[in-house]
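A look at the structure
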2 protein chains.
Amino acid sequence: MTAVPSPAAAVVLRPLPASQVTGGFWARRLEANRAAIPLGHERLVEAGNIGNLRIAAGEAAGEAQGASFRDSDVYKWLEAVAWEYARSPDEALLDRLRTLGRTIATAQREDGYLNSAIQVRGEEPYARLWTSHEHYCAGHLMQAAVAAARATGETELLRVATRLADHLAGTFGPGLREELDGHPVVEMALVELYRQTGERRYLDLARHFVEARGHGRAAKPGFDPSHYGDPAHYSDRLPVREAETVEGHAVRAVYFAAGATDVAIETGDTELLAVMRRQYDVMRRRKQHVTGAVGARWDGEAFGEAYELPPDRAYAETCAGIGAMQWAWRLLLATGESVYADQIELLLYNAVLPAVSLAEADYFYVNTLHRRTGARADVQRSPAHGRRPWFNCACCPPNVMRTLAALPTYLATGTQDGLQVHLYARSALASGGLAVDVDTEYPWDGLVTVTVREAPSREMELALRVPDWAEGATVDGKPVECGGYARVRRVFRPGDRVVLAMPMPARFMVADDRMDATRGCVAVTRGPLVYAIEQPDQPSGVVLEDLRIDTATPPRPEHRPDLLDGVTVLRADGVLESGPAESPYRPLGQPAPAARPAELTLIPYYAWANRGPHAMRVWIPTRRNT
Amino acid sequence: MTAVPSPAAAVVLRPLPASQVTGGFWARRLEANRAAIPLGHERLVEAGNIGNLRIAAGEAAGEAQGASFRDSDVYKWLEAVAWEYARSPDEALLDRLRTLGRTIATAQREDGYLNSAIQVRGEEPYARLWTSHEHYCAGHLMQAAVAAARATGETELLRVATRLADHLAGTFGPGLREELDGHPVVEMALVELYRQTGERRYLDLARHFVEARGHGRAAKPGFDPSHYGDPAHYSDRLPVREAETVEGHAVRAVYFAAGATDVAIETGDTELLAVMRRQYDVMRRRKQHVTGAVGARWDGEAFGEAYELPPDRAYAETCAGIGAMQWAWRLLLATGESVYADQIELLLYNAVLPAVSLAEADYFYVNTLHRRTGARADVQRSPAHGRRPWFNCACCPPNVMRTLAALPTYLATGTQDGLQVHLYARSALASGGLAVDVDTEYPWDGLVTVTVREAPSREMELALRVPDWAEGATVDGKPVECGGYARVRRVFRPGDRVVLAMPMPARFMVADDRMDATRGCVAVTRGPLVYAIEQPDQPSGVVLEDLRIDTATPPRPEHRPDLLDGVTVLRADGVLESGPAESPYRPLGQPAPAARPAELTLIPYYAWANRGPHAMRVWIPTRRNT
């Protein structure tokens, strides 16, 4: 399990070690992820990432391949292996982890420094930290090492990671070198390493890296008119306590924020925690797509301004969705507030899960919310436009692997006298002697039955999240408020049942009036899922761009076990307008184009792009522009 | 005058040598441009462009500054000097031209090759044509040389340009080297050089460059997942005759299209001309902002897909607007159809003129149609976000200079028996013995009075463009169709008057239903001008993002000689909504936010950003999202 606060940390909830997915929706998705992990190893070999480490270790000869961030892909993959081993041991995977661990240990320099590409090329360490990603790689190694130690008991990687952390601590900090890595992640990794080892200097270094940012020490030095010359790109424009919003490169920003939140938690810094909550709130309210995804701009892979959220050019990088989940998780532990669990659910289903195909393990790097056609050349060519097995910059695939492998972590938390269930899946959960089985057809149905398997003889509290969308929810038949936790406190006995029932009507959602790109459109959601229209589900000859949805009647759900690994589709009424006008701009007041009735079929957004490249829309126009 | 077809060319209209702006709106703007030209020289010295040429010529010592496209900025500036000299001679400017001409001639290698940065750095010529811009620089040199020859009679540059063209012709083509320059412009430049010198091999080489494109010979070789690896970026995905649309890097695409059109005109290739007309039509109908500007994506400075035209992230590069004007001009000459003159007018007022400040000669590289705030850090930092005196990549400022200096070219054309007036300005025009004075307060007023100064004794035709927006126009009191030419044919006599009266009500424009980014919004136009709301004109405390315009009553014009060098503003009714909702997405059907009446003041879009960085909108929301 990831991000496990130390005993002294300022948190109100604690991760649970033994949560398990036992069936249903997530079991299927996690099995697909398990099947993808060995393929990931093949792709890391083909792309040369593992070769780089082997060359650095003297196990192979040749030139280093690719940029100096490539080690990080290996480390993320190792983290996935570790969490997957915890879900269900597999000795072949463990062997891979051991073999690679030895290679990595051998590649490490005597003084603790480690970056295979830099070493093989004989480059000066830390000379171009704004772009070299050396700390970033170190951070991912630390995360993998902590995962291996927690999940498998293997400590070879932890030894390497602590030696590297020691090297960092002896090289950077007040009175030492003051540059910062252009790409955060080392902050949260150092905190995790502190949690695992108890070594305070790692927390101190993390705090230093968090507080030192915002003075232009991470950004590319000198003048560069592109985003590379902009401190905002690196979350380096303002000190974290002065920043009101995340900005710049989205992955960097949310990784940094997660690390800053970790530091706040471990140092009991309530002021910093309040800052991070405020920044999250601004992101959620002004810079988040309806899918939860973050990142609006291709240029610089960046957050846009407030309300700049174009569906068609949504960058919505997979890694940014994962980073936002990590940040929300830390805020959930710190506060126990359901808004952060709502966020984790939204992100998981609609920003992370869409990034991997249902089969074949192909990935999205960029998660658009709107594709106009299926026939553009760059759909095939650009890694960012289509699902692909791997990428030149392959940060996303192993990030998805490690996130899904660690999914059970996010299901529930515990306190001394209670169990808090955040995500609904067929699962087995336990805290403080209270063990329960959760049974549900979620996300297709809102009925959740919690059956007590074991219970202590004392009073315990079972807290069930009632999502913000779950109006009309009941627990054991009694109405409960949505947007919080329904709490059942009593002395539980084995066999006791608690039933949460959440109505799941399809809903038309509209965006804030300040959001320009989605004016005149609705998004359709049902339960935790955001829906989309995709070409293959519409009658032949229908051009998606000419469909208009009728919001007068609610969409009708229909479960389709045969479709897309089993999904509930929605049928909605609408019209198909005649094609585009002759002139792209015309005076107001001309008559509406001809239209004929049309039924729209919507699928869950996460399941799109599994039948080749096709047109797709999340935001659907209502009736015309007049 | 630019793009002067050869006597044998397949055109129906011919440029006129002696058109002059004599006062009014454009006289003021051209005077500002004239004042900017000497500043351009200073900036070319400061940035090192002229230094590069001087080093290559052995006149100075040092290292070359910047990328190998930098010579082109000097050449564009020289072209501006030449056209400005033609408008009104200035011996100091001519001296600059002569001095620089000598430097350039000295810098040229014995074999005719010329690129200062490549030469100074001792790099292999043409080794990285996809990015080196060597042909691009050569093209701009040819254009400057032709301008100098036509406008000043100076032929030193022409000698250099023909030697370089000969070098190109001996190096590239069938049976020779087959690579193509990543950035077109040499195609139209070679055609102009052919027109000036009569040397057929230049036309042949231009035709080769046009026809050879589309086979991956211009794109960066090898795999690159970014736009640099995408042949579409270089207009190199499909042969010109197979391409249905412009795509990729916008400036490259329109420059290439203008060159292909030139080739079609000079070779009498009606098939190719039809292709270029079709491509223009697709651009106009699907890929052009309401301002006429083209280019939707920051990433790759590129065209988007059809109907992908976000106002807030409009790239709308100044050079792309200029290139589109050049393309439209060639199509106007070839066809005589008013749609191309309408385009020139739209582009000139709303895509090119906005790129230069009213005073101080500060430029936009990117012409956004929407800026949410005036306070973002990157407004100051990024050259693309604010007007600046110069840019690291300074293609745009001298491009504006040469375009405005050549403005008289675009006013009118001639045929054997007639004069066609395309743009309305206080001006003096003459063709085939018919000389007229045009008097007008255009663009503020639609009354245009044409007074005959001299006339031959034979019958002549005076053709006056009636813009597509000019519903209800009259000539000498008689109604004429808009979207064409009103033709007056008779034996004119000195003192004769023809009066064109065009009503200029403000109009609310809406976009095609397929255009997502502007749904629920209107743009306001009046005559040839697109209007915008900018912060300084609204009452204090009004947040532009919360203004909604009421389309029930037409905006009211008011001429303000004191404002922004004299503009007609528009007053419109609307409301100011209360600020953003708590939640960025909400179920459909919640009540509209509170609103209070508000008057909106609109200014011509070209005049925005002359009072510091402020929020601005071209597309204004009507009433809320419901």
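Residues numbered from 1 in each chain as written. Chains lettered and ligands numbered in written order. Predicted model: local features only at pLDDT ≥ 70, side-chain atom pairs only at ≥ 80, totals over all residues. Heavy atoms only, no water.

**Brief notes about the sheet that holds strand S8 (residues 447–454) of chain A**
Strands in a sheet are paired, the pairing made by backbone hydrogen bonds, and the direction either parallel or antiparallel. All names here are of chain A. Spatially, S2-S6-S7-S8-S13-S10-S11 is the arrangement adopted by the seven strands of the open sheet, whose pairing is antiparallel. The open sheet terminates on both sides in strands that have one partner only, identified here as strand S2 (20–23) and strand S11 (478–479). Where strand S6 (residues 426–431) lies against strand S7 (residues 434–440), five bridges are found, and the strand directions are antiparallel. Residue pairing across strands places Ala-430 opposite Ala-435, the latter belonging to S7. Taken strand by strand, helix H1 (residues 24–46) contacts S2 and S6, and its axis lies near 105 degrees from that of S2. (Pairing = 2+ DSSP bridges. Helix = DSSP H or I, 4+ residues; strand = E, 2+ residues; numbered from the N terminus. Contact = heavy atoms within 4.5 Å. Axes fitted to C-alpha atoms, helices over the stretch in contact; angles between N-to-C directions.)

**Structural notes on the packing of aromatic side chains**
Centre-to-centre distance and the angle between the planes together describe a pair of aromatic rings. In the structure shown here, the tally under the stated rule is 40 aromatic pairs over all chains. A centroid spacing of 5.7 Å and a plane angle of 75 degrees characterise the contact between Phe-25 of chain B and Trp-444 of chain B, whose relative ring orientation is edge-to-face. Placement of Phe-25 of chain B in helix H1 (residues 24–46) and of Trp-444 of chain B in the loop between strand S7 (434–440) and strand S8 (447–454) is noted, with a sequence separation of 419 residues between them. Using a relative accessible area of 12% as the deciding quantity, one classes Phe-25 of chain B as buried. With a centroid separation of 6.4 Å and 15 degrees between ring planes, the pair formed by Tyr-605 of chain B and Trp-608 of chain B is classed as stacked. One exposure class covers both Tyr-605 of chain B and Trp-608 of chain B, and it is buried. Lying across the ring of Phe-256 of chain A, Arg-213 of chain A places its NZ or CZ 5.4 Å from the centre. The aromatic ring of Trp-298 of chain A is capped on one face by Arg-313 of chain A, whose charged end is 4.4 Å from the ring centroid. (Phe/Tyr/Trp six-rings, centres within 6.5 Å; stacked < 30°, edge-to-face > 60°. Buried < 20%, exposed > 50% of the residue type's maximum accessible area, 1.4 Å probe, protein only. Lys NZ or Arg CZ within 6 Å of the ring centre and 35° of its normal.)

**Considering the interface of chain B and chain A**
Taken together, the 73 residues of chain B in the interface contact 73 residues of chain A. In total, about 6,600 Å² of surface goes out of reach between chain B and chain A, with carbon and sulfur atoms giving 46% of it. Counting across the chain B and chain A interface gives 12 salt bridges. Asp-516 of chain B serves as the salt-bridge partner of Arg-372 of chain A, at 3.4 Å between the closest nitrogen and oxygen. Linking chain B with chain A are 25 residue pairs in polar contact (both at pLDDT 80 or more). Listing elements by their share of the side of chain B that touches chain A, those giving two or more residues are helix H12 (270–286), helix H15 (377–381), strand S14 (506–511), strand S15 (521–526) and strand S20 (585–587) of chain B. It is S14 of chain B that provides the largest number of residues to the side of chain B that touches chain A, a total of five residues. (Buried area = accessible area lost by both parts, 1.4 Å probe. Salt bridge = Lys/Arg side-chain N within 4 Å of Asp/Glu carboxyl O. Polar contact = N/O pair within 3.5 Å; in protein donor to acceptor, adjacent residues only side chain to side chain.)

**A word on the pairing of strand S5 (residues 418–421) of chain A**
All names here are of chain A. Side chains of S5 alternate between two faces, with Gly-418 and Gln-420 and Leu-419 and Val-421 buried alike. In terms of strand pairing, strand S4 (residues 412–415) meets S5 through four bridges, oriented antiparallel. Each bridged residue has a counterpart across the sheet, and for Thr-413 the counterpart in S5 is Gln-420. A loop of two residues connects S4 with S5, the two strands running antiparallel in sequence.

**Digging into the pairing of strand S9 (residues 460–466) of chain A**
Residues and elements named next belong to chain A. Taking burial as the measure, the seven residues of S9 include seven buried ones, the bulk of the element. Here S9 shows a buried face lined by Met-460, Leu-462, Leu-464 and Val-466 and a second buried face lined by Glu-461, Ala-463 and Arg-465. Pairing of S5 with S9, which is carried by four bridges, proceeds in the parallel orientation. Directly across from Gln-420, in S9, lies its bridge partner Ala-463.

**Section: the UniProt feature "domain: Non-reducing end beta-L-arabinofuranosidase-like GH127 middle" (unreviewed entry) in chain A**
UniProt's entry tags residues 419–504 of chain A with the feature "domain: Non-reducing end beta-L-arabinofuranosidase-like GH127 middle" (unreviewed entry), counted in the numbering of this structure. In the segment residues 419–504 of chain A, helix accounts for 0% and strand for 55%; the C-alpha atoms at its two ends are 25 Å apart. (UniProt positions renumbered as here; feature names shortened; annotations may be inferred.)

**So, the packing of helix H3 (residues 70–87) of chain A against helix H7 (residues 134–152) of chain A**
All names here are of chain A. At a minimum axis distance of 8 Å, the contact between H3 and H7 shows a crossing angle of 15 degrees. Between H3 and H7, the interaxial angle falls into the category roughly parallel. Remark: the crossing between H3 and H7 carries left-handed chirality. Of the residues in H7, those in contact with Asp-71, Ser-72, Tyr-75, Lys-76, Leu-78, Glu-79, Ala-82, Trp-83, Tyr-85 and Ala-86 of H3 are Tyr-136, Cys-137, His-140, Leu-141, Gln-143, Ala-144, Ala-147, Ala-148, Ala-151 and Thr-152. (Parallel < 35°, antiparallel > 145°, perpendicular 65-115°, else oblique. Left-handed = near helix turned anticlockwise from the far one by under 90°.)

**With respect to the confidence of the model for chain A**
Taken as a whole, chain A shows an average pLDDT of 95; of its residues, 98% reach a score of 70 or greater. Interface confidence in the predicted complex, given as ipTM, is 0.93; pTM for the same model is 0.95. (pLDDT = per-residue confidence, 0-100.)

**Details of the side chain of His-167 of chain A**
Here His-167 of chain A shows up in helix H8 (residues 156–171). Beyond its immediate sequence surroundings of up to four residues, His-167 of chain A is in contact with Asp-111, Gly-112, Tyr-113 and Tyr-126 of chain A.

**Section: unusual backbone geometry**
Omega for the bond connecting Tyr-442 of chain A with Pro-443 of chain A falls within 30 degrees of zero, at 5 degrees, which places this linkage in the cis form. Tracing the backbone through its elements, the reader meets Pro-443 of chain A in the loop between S7 and S8. A positive phi is found at Ser-235 of chain A, a non-glycine position, where the angle reads about 55 degrees. Along the chain, the position of Ser-235 of chain A falls in the loop between helix H10 (200–212) and helix H11 (250–267). A relative accessible area of 13% places Ser-235 of chain A in the buried class. One non-glycine residue with positive phi stands out, namely Ala-316 of chain B, at about 45 degrees. By the element assignment, Ala-316 of chain B lies in the loop between H12 and helix H13 (318–335).

**Quick notes on the pattern of salt bridges**
When their charged atoms lie close together, side chains carrying opposite charge are able to pair. Residues and elements named next belong to chain A. Applying the stated criterion across every chain, the model contains 114 salt bridges over all chains. Note that Asp-204 and Arg-200 form a salt bridge whose closest N and O atoms lie 3.4 Å from each other. Here the residue Asp-204 and the residue Arg-200 both occupy positions in helix H10, the gap between them amounting to four residues, near one helical turn. Residue Asp-204 is classed as partly exposed on the basis of its relative accessible area of 32%. A relative accessible area of 40% places Arg-200 in the partly exposed class. Counted as one network, the salt bridges with shared partners bring together Arg-150, Glu-192, Arg-195, Asp-262, Glu-266 and Arg-330.

**Some remarks on the relation of the copies chain B and chain A**
The operation relating chain B to chain A is a screw motion whose rotation component is 180 degrees, with 0.0 Å of axial translation and a residual RMSD of 0.0 Å. Expressed as an axis order, the relation between the two copies is that of a two-fold axis. Most of the interface of chain B is mirrored in chain A, where 100% of its interface residues again form contacts. (Least-squares fit on C-alpha atoms with pLDDT ≥ 70 in both.)

**Looking at the environment of Gly-321 of chain B**
Residues and elements named next belong to chain B. Here Gly-321 shows up in helix H13. Taking C-alpha positions, Gly-321 is 5.3 Å from Ala-293, a pair spaced 28 residues apart along the chain. The contacts of Gly-321, once residues within four sequence positions are left out, are Leu-347, Ala-351 and Val-352.

**A few points about helix H9 (residues 186–197) of chain B**
Residues and elements named next belong to chain B. Compared with the 16 Å implied by 1.5 Å per residue over 12 residues, the 16 Å span of H9 between its first and last C-alpha is a close match. Looking only at H9, the buried set comprises Val-186, Glu-187, Met-188, Ala-189, Leu-190, Val-191, Glu-192, Leu-193, Tyr-194 and Arg-195. With its phi angle positive at about 75 degrees, Gly-198 sits one or two positions after the end of H9. (Expected span 1.5 Å × (residues − 1).)

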